[in-house]
Amino acid sequence: MAKSYFGTDGIRGRVNRHPMTPEIAMKVGMAAGLAFQRGNYRHRVVIGKDTRLSGYMLEPALCAGFTAVGVDVLMLGPIPTPAVAMLTRSMRADIGVMISASHNPFEDNGIKLFGPDGYKLSDELEAEINRLIDEDLSSRLSVGSHLGRAKHYDDGGRDRYAEFAKRTLPRELSLDGVRVAIDCANGAAYRVAPDVLWELGAEVVKLGVEPNGTNINLNCGSTSPDALRSKVREVRADIGIALDGDADRVLIVDEHGEIVDGDQIMAVIGEAWSEDGRLAAGGVVATIMSNLGLERFFNDRQIQLARTKVGDRYVVEHMRQHGYNVGGEQSGHIVLSDFGTTGDGLVSALQVLAVVRKAGGTVSEVCRKFEPVPQVLKNVRFGGGAPLELPSVQDVINLGRERLGQSGRLVIRPSGTEPLIRVMAEGDDARLVSDVVDDIVDVLRRTAA
């Protein structure tokens, strides 16, 4: 069986370890460039990246691959993932590429691909590119004047995305008088996100805006929001916004320093859009990891909650197939298809601010929509094999489901981006939920050892 380079969110791994090497990056450029050639014209790719040191290694490798097969390259520099998706469509590019490992530490990196419609690739297209990566493509390389050209488009891309983001806020609404603390995770949005908020009238307090190549997501951003929580309390901010390394995720911090996660954000936007008649298909799309409290909240308001597998690509696929315009994940991937094709942390934060301003209350009053059902999530690292298929592990999982019964849920799954097994349980009895997770984790750890 041919090896697969793609995981649940593009190609990702430890830098200079297979598959995240310059050689593979060049082959990805060649393969993707050939897969998207559709006619007799000069094809174009836009390439963005976050602030990882390894981006300076992978970007030229990708450029070499694309130009070798006759594709022109526009390098956007550090820019959010949703900006790459937007610019792919806006600039009529044939392909969009984001070099990022999202919320992972700086030692990792990844390659995300977008089609000309701005959406992440289908399984079929990924399989085609996967096949081409391992083929000898020497006979299909361009020659002479047919080689692609590469140039930088840093400020132009950021400016276009900034104007797009500002236009998602209702025209009559400004952020005058709002004190916003924003943590950009020393990542891709470190320049554009604070600028957008300031241009909309906010007083902006910035954190995580001094990237050095190795500090992306390091004790900052949506995966480590404690610094932002402290800053919000210190400066008495009205709201805190925590982005991740490539700014496709967001968490909100209220004026007391308390976290508003992706489930609460979906509740805020979903309810507001439903009341305004803007909510398409009568519901919201979330994953199996979203809290049972969110489902109950929507059920009480005759709003449907559809669930998918974990991964924003599955959320987006379900939204497209069934006509939804709001979806997301508890982790803070919020997809608003009225505006974009993928998760957008900045745009999602602006929509929350719009609801708060319209309601006239504080973030804590407006954004605490439901009391979450007790939920415990633990990760178990493993080195290989298929521990979830072992009889001893299956037995403890089945017993856990029996103990939780109809009033709870149990979700066990391998991570698509790291060598982890995630064990999540929730239910009205907090002690029972914790015991069930601990029992499963203990067996998994013994198995992994």
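Scope of this entry: the structure provided in the associated data block.

### Quick look at the sheet that holds strand E4 (residues 95-99)
Spatial ordering of the open sheet is given by E1-E5-E4-E2-E3-E6, a layout of six strands whose pairing is mixed. Taken across any chain shown, the strands that pair with only one partner, and hence form the sheet edges, are strand E1 (11-14) and strand E6 (150-152). Between one strand axis and the next, the sheet turns by 15° as a mean value, whatever way the strands run.

### Looking at the layout of surface pockets
Taken as a whole, the largest pocket spans an internal volume of roughly 960 Å³. Residue lining of the largest pocket: 34 residues in total, with His103, Arg249, Ser331, Arg413 and Arg422 positioned closest to the centre. The residue inventory of the lining of the largest pocket, partitioned by class, reads nine nonpolar, 15 polar and 10 charged. Counted as a void, the second largest pocket has a volume near 330 Å³.

### Notes on the environment of Ala32
Its location among the elements puts Ala32 in helix H1 (residues 22-35). C-alpha separation for the pair Ala32 and Val285, spaced 253 residues apart in sequence, amounts to 30 Å. The contacts of Ala32, once residues within four sequence positions are left out, are Phe66, Ile95, Leu113 and Ile129.

### Considerations on the packing of aromatic side chains
Applying the stated criterion across every chain, the model contains four aromatic pairs. Measuring from ring centre to ring centre gives 5.9 Å for Tyr161 and Phe164, while their planes differ by 40°; the resulting arrangement is tilted. Separated by three residues within a single helix, Tyr161 and Phe164 lie in helix H5 (residues 154-167), roughly one turn from each other. For the pair Tyr161 and Phe164, a shared accessibility class is recorded, and that class is buried. A ring pair is formed by Phe297 and Phe370, whose centres lie 6.2 Å apart and whose planes are at 40°; its orientation type is tilted. Pair noted here: Phe297 is in helix H9 (residues 292-300) and Phe370 is in the loop between helix H12 (363-367) and strand E16 (375-381), with a separation of 73 residues, a long-range link. Across the pair, exposure class does not vary: Phe297 and Phe370 are buried alike. A network of ring pairs unites the aromatic residues Phe297, Phe298 and Phe370 as a single cluster. Lying over the aromatic face of Tyr56, Lys49 brings its terminal NZ or CZ to 3.6 Å of the ring centre. We note Arg313 situated over the ring of Tyr314; from NZ or CZ to the ring centre the distance is 5.7 Å.

What counts, and where the lines are drawn
- Just so you know, the residues in each chain are numbered from 1, in the order the chain's sequence is written.
- For this predicted model, a pLDDT threshold of at least 70 governs which residues receive local features, and a threshold of 80 or more governs which side-chain atom pairs are given and counted, while totals over whole chains, interfaces and linings are taken from all residues.
- For the side-chain quantities, the full set of heavy atoms in the structure was used; hydrogens and water were omitted.
- The pairing criterion is simple: DSSP has to find at least two bridges between the two strands.
- Elements are defined by DSSP. Helices are runs of H or I of four residues or more, strands are runs of E of two residues or more, and each kind is numbered from the N terminus.
- Lines fitted to C-alpha atoms define the axes here, with helix axes fitted over just the stretch in contact, and angles between the N-to-C directions of these axes take values from 0 to 180 degrees.
- Cavity and pocket criteria rest on a 1 Å grid covering protein atoms alone: a 1.4 Å probe that fits but cannot get out defines a cavity, protein on both sides within 12 Å along at least 5 of 7 lines defines an open pocket, and an atom within 4 Å of a point defines a lining residue.
- Grid points are joined across faces, edges and corners, and a volume is the space filled by probe spheres set on the points.
- Any residue outside Ala, Val, Leu, Ile, Met, Phe, Trp, Tyr, Cys, Pro, Asp, Glu, Lys and Arg is labelled polar, Gly included; the first ten of those are nonpolar and the last four are charged.
- Contacts are assigned to residue pairs that have any heavy atoms within 4.5 Å of one another.
- Two aromatic rings from Phe, Tyr or Trp, using only the six-membered ring of Trp, form a pair when their centres are within 6.5 Å; if the ring planes differ by under 30 degrees the pair is stacked, by over 60 it is edge-to-face, and anything between is tilted.
- In this scheme, a residue with accessible area under 20% of its type's maximum is buried, one over 50% is exposed, and one in between is partly exposed, where area comes from a 1.4 Å probe on protein chains only.
- Here, a charge over a ring is recorded when the distance from Lys NZ or Arg CZ to the ring centre is within 6 Å and its angle to the ring normal is within 35 degrees.

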